[in-house]
Amino acid sequence: MTGRLISVEGGEGAGKSSAMAAVRAAIEGRGVEVVQTREPGGTPVGEAIRTLLLDPAHSICAEAELLLMFAARAQLVRELVRPALERGAWVLSDRFTDASFAYQGGGRGIDGGLIAELERWAATLKPDLTLLLDVDVRQGHARVAGRGAGKDRIEREREDFFERVRATYRQRVAAEPQRFAVIDAGQSQEAVIAAVTAALDQAFARWA
Ligand code: Z5A
């Protein structure tokens, strides 16, 4: 494989959308093909699973939620990610397996060893670089508060759930510091984009 897999992670209102655009522009600026995707989703099957997962009309137990996340991911890896990496493209994913550790592990309390086993078997890949947009839970929540009744099933969780999600992301950084770039997403959007671009420049230099 010659391609690279880059994921962007963060809690609610962290600003992943604008960060993704900046990452994409930085990679394309170096003449590299970018395949952009998202999780859960990214394939017809994955998008159908996403609709099911985020619909607030459904009550989904933690175990089913985890397995559905990995069902979508297994399909994404085989249908889109691996073929792209094999032809040398870089894959940019809005979330990847770290989100399952953070939300289903930290948030729902599922054993991390079990998630790691699913990662090995169903996901098979780890990102080469993960940009973690870290923001205070209340600050992130305030940014998306206007969504109100439009919140999806997971966004409707309580504040302590998102505190555990944030803490788990930080634990993952501590365990694998070389894979992560932590961006202070509490700053202005301009400062966040500058930090994202700097992190990518460092990665390019490392991989050159
Ligand atoms: N999930 C899971 O549980 N397990 C898994 O394995 C995976 C996912 C893969 C859907 O993901 C849900 O699935 C998600 C995790 C779960 N649930 N939650 N909660 P998603 O990534 O599609 O959904 P999301 O995290 O809810 O995305 P989001 O809310 O759209 O976040 P965002 O992309 O980071 O936000 P944004 O649209 O870029 O910014 C939000 C607002 O803040 C917007 O008005 C911006 O203009 C504003 N903003 C952004 N940055 C700034 C700064 N720096 N200053 C001021 N305002 C800002």
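A brief look at the structure comes next. All values derive from a computational prediction rather than experimental measurement. (Residues numbered from 1 in each chain as written. Predicted model: local features only at pLDDT ≥ 70, side-chain atom pairs only at ≥ 80, totals over all residues. Heavy atoms only, no water.)

A few points about the overall build of the protein
Check the secondary structure of the protein and you find eight helices and five strands. Listing every helix and strand of the protein by position from the N terminus yields β-α-β-α-α-β-α-α-β-α-α-β-α. Dimensions along the principal axes, computed over C-alpha positions, put the protein at roughly 45 × 35 × 30 Å. Across the 208 residues that make up the protein, the buried fraction comes to 51%. Restricting to contacts in the protein with at least 6 residues of sequence separation, those with at least 24 account for 80%. In the protein, 27 positive and 29 negative side-chain charges are present, and the distance between their average locations comes to 1 Å. (Helix = DSSP H or I, 4+ residues; strand = E, 2+ residues; numbered from the N terminus. Buried < 20%, exposed > 50% of the residue type's maximum accessible area, 1.4 Å probe, protein only. Contact = heavy atoms within 4.5 Å. Lys, Arg positive; Asp, Glu negative; His and termini not counted. Charge placed at Lys NZ, Arg CZ, Asp CG, Glu CD.)

So, the site of the ligand
The environment of the ligand is formed by 27 residues, the closest being Lys16, Arg50, Arg95, Ser100 and Gln104. Note that an oxygen atom of the ligand is positioned 3.4 Å from one of the backbone N or O atoms of Ala14. Between the ligand and the protein, one listed contact pairs an oxygen atom with a backbone N or O atom of Ser17 at 3.1 Å. Within the complex, 82% of the 1,100 Å² of free accessible area of the ligand lies under protein. Sorting the residues of the shell around the ligand by element identifies α1 (16-28), α2 (44-54), α3 (62-86), α4 (97-107) and α6 (137-144) as the ones contributing at least two each. With four residues, α4 is the largest single contributor of residues to the shell around the ligand. Across the shell around the ligand, the residue classes tally to 10 nonpolar, eight polar and nine charged. (Near = heavy atom within 4 Å. Polar contact = N/O pair within 3.5 Å; in protein donor to acceptor, adjacent residues only side chain to side chain. Areas by Shrake-Rupley, 256 points an atom, 1.4 Å probe, with all protein chains shown as cover. Nonpolar A, V, L, I, M, F, W, Y, C, P; charged D, E, K, R; others polar.)

So, α1
The first and last C-alpha atoms of α1 sit 18 Å apart over 13 residues, in line with the 18 Å expected at 1.5 Å per residue. Where α1 is buried, its residues meet β1 (5-10), β2 (34-38), β3 (90-94), β4 (129-134) and α8 (189-207). (Expected span 1.5 Å × (residues − 1).)

A word on unusual backbone geometry
Of note, the amide linkage connecting Glu39 to Pro40 takes the cis form, showing an omega dihedral of -10 degrees. Structurally, Pro40 can be placed in the loop between β2 and α2. Its identity is not glycine, yet Arg95 carries a phi of approximately 80 degrees, on the positive side. Position of Arg95 relative to the elements: it lies in the loop between β3 and α4. At Thr124, a residue that is not glycine, the phi angle is positive and equals roughly 65 degrees. Counting through the fold element by element, Thr124 comes out in the loop between α5 (112-123) and β4. A residue is classified by how much of its surface remains accessible, and Thr124, at 35% relative accessible area, is partly exposed.

What to know about the sheet that holds β4
The strand order across the open sheet built from five strands is β2-β3-β1-β4-β5, with neighbouring strands paired in parallel fashion. Sheet topology places β2 and β5 (180-184) at the edges, where each strand pairs with a single neighbour. When the angles between neighbouring strand axes are averaged without regard to direction, this sheet yields 20 degrees. For β1 and β3, the ladder comprises four bridges, and the chain directions are parallel. (Pairing = 2+ DSSP bridges. Axes fitted to C-alpha atoms, helices over the stretch in contact; angles between N-to-C directions.)

What to know about the packing of aromatic side chains
For any pair of aromatic rings, the description consists of the separation of the ring centres together with the inter-plane angle of the planes. The final tally for this structure, using the stated rule, is five aromatic pairs. Their ring planes at 20 degrees and their centres at 5.0 Å tell us that Trp90 and Phe204 sit as a pair that is stacked. On the criterion of sequence distance, the pair formed by Trp90 in strand β3 and Phe204 in helix α8 is long-range, its members being 114 residues apart. A ring pair is formed by Tyr103 and Tyr169, whose centres lie 6.4 Å apart and whose planes are at 80 degrees; its orientation type is edge-to-face. Taken together, the residues span a long stretch of sequence, with Tyr103 in helix α4 and Tyr169 in helix α7 (residues 159-175) at a distance of 66 residues. Every member of this aromatic cluster is reached through a ring pair, and the members are Tyr103, Phe161, Phe162 and Tyr169. Residue placement shows Arg30 over the ring face of Phe204; its charged tip is 3.9 Å from the ring centre. The positively charged end of Arg172 is found above the aromatic ring belonging to Phe101, 3.6 Å away from the centroid. (Phe/Tyr/Trp six-rings, centres within 6.5 Å; stacked < 30°, edge-to-face > 60°. Lys NZ or Arg CZ within 6 Å of the ring centre and 35° of its normal.)

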